[in-house]
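Fold and contact review
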Amino acid sequence: MPSVVSPQDRLQDDAPAAQLRRAEPCLWLNPHRQPIPAARQAVAGDHISLDDTEKAAARFARFAPLLEGVFPELQATGGVIESPLLPASSLRAAAGLAAGQGALWIKADHRLPVAGSIKARGGIHEVLELAERLALQHGLLTPRSGADDYRALANPAARAVFARYTVAVGSTGNLGLSIGVAASALGFRAVVHMSADAKEWKKQRLRQRGVQVVEHAGDYEGAVAAGRAQAAQDPFSHFVDDERSLSLLLGYSAAALHLRQQLQDAGIAVDAQHPLFVYLPCGVGGAPAGITFGLRQALGA
Ligand SMILES: *Cc1c(COP(=O)(O)O)cnc(C)c1O
């Protein structure tokens, strides 16, 4: 196909966008990328750092005993939602790696329990953060005590509080699955706005878990906009916003701390002489942004 470059593209020297339109691989390096110390203060006006990634990991740890009780599949790991790091040497040739060109691994997030996708990280984190905030507001947890047993949040009194709130999200599938399953397991009302291309089995699984599925004729963006508008009318509704949520991003970023440990356990050094290359599938961008943010903070530039 001949390449079509609009005058506007030429004006903006928008080469990567033109390459994308021609379906060619391209590399875009963010000219606004900050060095690590400054990046800690540069995300959308919010000041985030490795500290926030560690707080997200600590939140998952506080909730682990509760999650173990709520999801039988987490009994084997004591409520920890994590994935193995698998050697992928048989993919070396397909990836174009010659002998001596480093090792290839798969961080097997497709196997993450509960949600079955990377959305278990960001999506479940946001539901837990909301549950924790409401539990503190309603006196179900003690502020700053550090001694609370989060299993108490499965008690009828706590579930009655959560049942007054709706967690809503727009999704083509996996985000809705992780948010819907986690929210309804904790006792929230859960509403997932799905676009026409969402898979039928995902809708069915959500309905089985007591989640309300609202089907929208249009695409993903339409489902998100409709869900966002509906939730904005209701003070007891929390809309998980894939395009703007800091809680999602930080939940994803916590993967970096676990991966750092797995690399260490596998005897893999990461430093200036042995750089880590991470290949991530990207949709809206929250998952890869969070994970790369976390890795850069945890492992260095
Ligand atoms: C959501 C998702 C991604 C991409 O995450 P974004 O935050 O949308 O960029 C990649 N792989 C799978 C399986 C996903 O569900």
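Because the structure is predicted, anything quoted here is derived from the model rather than measured.

1. Things to note about unusual backbone geometry
- Look at Ala 23: it is not a glycine, yet its phi comes out positive at around 60°.
- When you line up the elements, Ala 23 lands in the loop between helix H2 (15–21) and helix H3 (36–39).
- Taking relative accessible area as the criterion, Ala 23 reaches 69% and is therefore assigned exposed.
- Positive phi values are uncommon outside glycine, yet Val 114 reaches one of about 75°.
- Within the fold, Val 114 resides in the loop between strand E2 (105–107) and helix H5 (119–137).

2. Examining the packing of aromatic side chains
- Under the counting rule described, the total for this entry stands at three aromatic pairs.
- A centroid spacing of 4.8 Å and a plane angle of 80° characterise the contact between Phe 63 and Tyr 150, whose relative ring orientation is edge-to-face. Of the two residues, Phe 63 is situated in helix H4 (residues 50–70) and Tyr 150 in the loop between H5 and helix H6 (156–162); the sequence distance between them amounts to 87 residues.

3. Looking at the sheet that holds strand E3 (residues 166–171)
- Strand order in this open sheet of four strands is E5-E4-E3-E6, and the pairing throughout is parallel. Where the open sheet ends on each side, the last strands, each with one partner, are strand E5 (212–215) and strand E6 (237–240). Pairs of neighbouring strands in the sheet enclose a mean axial angle of 20°, with direction left out of account.
- By the bridge criterion, four bridges tie strand E4 (residues 189–194) to E5 in an arrangement that is parallel. Note that in E5 the partner of Val 192 across the bridge is Val 213.
- Each of E4 and E5 is contacted by helix H8 (residues 200–208), which is oriented at about 145° to E5, the strand it contacts most.

4. Structural notes on the nonpolar core
- Within the largest apolar cluster, 54 residues are counted, with the highest numbers of intra-cluster contacts made by Leu 153 and Phe 188.
- Contacts of Leu 153, omitting those with residues within four sequence positions, involve Phe 63, Leu 66, Ala 135, Leu 140, Leu 141, Ala 158, Arg 159 and Phe 162.

5. Focus: H5
- Taking 1.5 Å of rise per residue, 19 residues should cover 27 Å, and H5 covers 27 Å from first to last C-alpha, within 8% of that figure.
- Of all the 19 residues making up H5, 15 are buried; the element is thus mostly covered by neighbouring parts of the structure.
- Directly after H5, the chain includes Gly 139, whose backbone phi takes a positive value near 70°.

6. A look at the site of the ligand
- Close to the ligand lie Ser 117, Ile 118, Lys 119, Asn 174, Pro 281, Cys 282, Gly 283, Val 284, Gly 285, Gly 286, Ala 287 and Pro 288, which account for all nearby residues.
- One nitrogen or oxygen atom from the main chain of Gly 285 is found 2.6 Å from an oxygen atom belonging to the ligand.
- If the ligand stood free it would expose 380 Å²; the protein chains cover 77% of that surface.
- Ranked by residues supplied to the shell around the ligand, first place goes to helix H12 (residues 286–299) with three residues.
- Its residues assigned to classes, the shell around the ligand comprises six nonpolar, five polar and one charged.

7. Re the environment of Ala 254
- Within the secondary structure, Ala 254 sits in the loop between helix H10 (246–253) and helix H11 (255–265).
- Discounting residues that sit within four places of it in the chain, Ala 254 has contacts with Thr 53, Ala 56 and Ala 57.

8. Notes on the pattern of salt bridges
- In the structure shown here, the tally under the stated rule is 14 salt bridges.
- Two residues, Lys 55 and Asp 51, come together in a salt bridge whose shortest N-O distance is 3.8 Å. A residue pair is termed a helical-turn pair when its members lie 3 or 4 positions apart in one helix, as Lys 55 and Asp 51 do in helix H4 at four residues.
- We classify Lys 55 as partly exposed; its relative accessible area is 48%.
- Residue classification places Asp 51 among the partly exposed residues on the basis of a relative accessible area of 43%.
- A single salt-bridge network, built from bridges that share partners, covers Arg 59, Arg 62, Glu 129 and Glu 132.

9. A word on the side chain of Asp 242
- Within the secondary structure layout, Asp 242 lies in the loop between E6 and H10.
- Of the buried charged residues, Asp 242 lacks a salt bridge, with Lys 119 as the closest side chain of opposite charge at 6.1 Å.
- When sequence neighbours within four positions are dropped, the list of residues in contact with Asp 242 reads Leu 175, Tyr 220, Leu 248 and Val 284.

10. A short note on the confidence of the model for the protein
- Of all residues in the protein, 92% have pLDDT values of 70 or greater, and the mean over the chain is 89.
- Of the regions scoring below 50 in pLDDT, residues 7–11 engages in three contacts with residues more than four places distant in sequence or in other chains.

11. Considering the packing of H10 against H11
- It is the contact of H10 with H11, at a shortest axis distance of 5 Å, that shows an interaxial angle of 5°. Overall, the two elements H10 and H11 adopt an arrangement that is roughly parallel. When H10 is examined against H11, the residues Gly 251, Tyr 252 and Ser 253 are found in contact with a partner set consisting of Ala 255, Ala 256 and Leu 257.
- In terms of residue class, the contact of H10 with H11 is built from four nonpolar, two polar and no charged.

The rules behind these values
- Residues numbered from 1 in each chain as written.
- Predicted model: local features only at pLDDT ≥ 70, side-chain atom pairs only at ≥ 80, totals over all residues.
- Heavy atoms only, no water.
- Helix = DSSP H or I, 4+ residues; strand = E, 2+ residues; numbered from the N terminus.
- Buried < 20%, exposed > 50% of the residue type's maximum accessible area, 1.4 Å probe, protein only.
- Phe/Tyr/Trp six-rings, centres within 6.5 Å; stacked < 30°, edge-to-face > 60°.
- Pairing = 2+ DSSP bridges.
- Axes fitted to C-alpha atoms, helices over the stretch in contact; angles between N-to-C directions.
- Contact = heavy atoms within 4.5 Å.
- Core = buried A, V, L, I, M, F, W, Y, C linked by side-chain atoms within 4.5 Å.
- Expected span 1.5 Å × (residues − 1).
- Near = heavy atom within 4 Å.
- Polar contact = N/O pair within 3.5 Å; in protein donor to acceptor, adjacent residues only side chain to side chain.
- Areas by Shrake-Rupley, 256 points an atom, 1.4 Å probe, with all protein chains shown as cover.
- Nonpolar A, V, L, I, M, F, W, Y, C, P; charged D, E, K, R; others polar.
- Salt bridge = Lys/Arg side-chain N within 4 Å of Asp/Glu carboxyl O.
- Lys, Arg positive; Asp, Glu negative; His and termini not counted.
- pLDDT = per-residue confidence, 0-100.
- Parallel < 35°, antiparallel > 145°, perpendicular 65-115°, else oblique.

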